[in-house]
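The residues making up each chain are set out below.
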Amino acid sequence: MYQFKSLPWQQLLNASVITLVLASGIDYGLTLILPASSQVQIGSILGPPWRLLSSAAIDMGIGILGVIILERVIGSRRRIQVSTLWGLVLCLLIALVLRASLPIPGLFLGPLHQITIVGLLLGVFSKGQQYRH
């Protein structure tokens, strides 16, 4: 329990917010620059039967981006450990839930699926493998 309390929560929250702001900004930006016909084609590609796979891949990318940003936010002030990565997963999930409740249009980020957790875990722990000692 002490290890959970001693996590760098402020940095984890900052990294999660920055990650979701970047991902949401890119997603929303694509809706502004892509023509409607391209958006429909992307929607059909990311729809059934590929919806879960594409959702997992997008969430994996968010997890990877989260670790990259966490490395920048924490810097050399503190060593990232496995418990820190688990804290990042928790913060990213909370941020994704909050983001899903906002009416922000986008092509890739949408409702959460059960596969969201799997994608985040794969992204965070594949990028953060050097910290799993």
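Quick caveat, the model's predicted, so the values are computed rather than measured.

**Side note on the pattern of salt bridges**
Turning to step 1, where the next piece is worked out: With the rule as written, the count across this model stands at two salt bridges.
Turning to step 2, where the next piece is worked out: Residue Asp27 pairs with Arg99 through a salt bridge whose shortest N-O separation is 3.9 Å. Here Asp27 is found in helix α2 (residues 9-33), whereas its partner Arg99 is found in helix α5 (residues 82-100), with 72 residues between them in sequence. Here the two residues Asp27 and Arg99 agree in accessibility, since each one is buried.
Turning to step 3, where the next piece is worked out: Here Glu71 and Arg72 are joined by a salt bridge, their closest N and O atoms 3.7 Å apart.
Turning to step 4, where the next piece is worked out: Residue classification places Glu71 among the buried residues on the basis of a relative accessible area of 16%.
Turning to step 5, where the next piece is worked out: Residue Arg72 is classed as exposed on the basis of its relative accessible area, which comes to 63%.

**Concerning the layout of surface pockets**
Turning to step 1, where the next piece is worked out: As a volume, the largest pocket reaches approximately 350 Å³.
Turning to step 2, where the next piece is worked out: Looking at the largest pocket, it is lined by 20 residues, and the ones nearest its centre are Phe108, Leu109, Gly110, Pro111 and His113.
Turning to step 3, where the next piece is worked out: Of all the secondary structure elements, the ones that give two or more residues to the lining of the largest pocket are α4 (51-74) and α5.
Turning to step 4, where the next piece is worked out: Considering every element that reaches the lining of the largest pocket, the biggest residue donor is α4, with five residues.
Turning to step 5, where the next piece is worked out: Residues belonging to the lining of the largest pocket are distributed by class as follows: nine nonpolar, eight polar and three charged.
Turning to step 6, where the next piece is worked out: Roughly 160 Å³ of internal volume is contained in the second largest pocket.
Turning to step 7, where the next piece is worked out: Lining the second largest pocket are 13 residues; nearest its centre among them are Val17, Leu20, Ala95, Leu98 and Arg99.

What counts, and at which threshold
- Residues numbered from 1 in each chain as written.
- Predicted model: local features only at pLDDT ≥ 70, side-chain atom pairs only at ≥ 80, totals over all residues.
- Heavy atoms only, no water.
- Salt bridge = Lys/Arg side-chain N within 4 Å of Asp/Glu carboxyl O.
- Helix = DSSP H or I, 4+ residues; strand = E, 2+ residues; numbered from the N terminus.
- Buried < 20%, exposed > 50% of the residue type's maximum accessible area, 1.4 Å probe, protein only.
- 1 Å grid on protein atoms, 1.4 Å probe; cavity = no way out; pocket = protein on both sides within 12 Å on 5 of 7 lines; lining within 4 Å.
- Points joined across faces, edges and corners; volume = space filled by probe spheres on them.
- Nonpolar A, V, L, I, M, F, W, Y, C, P; charged D, E, K, R; others polar.

That is the geometry; function is a separate question.
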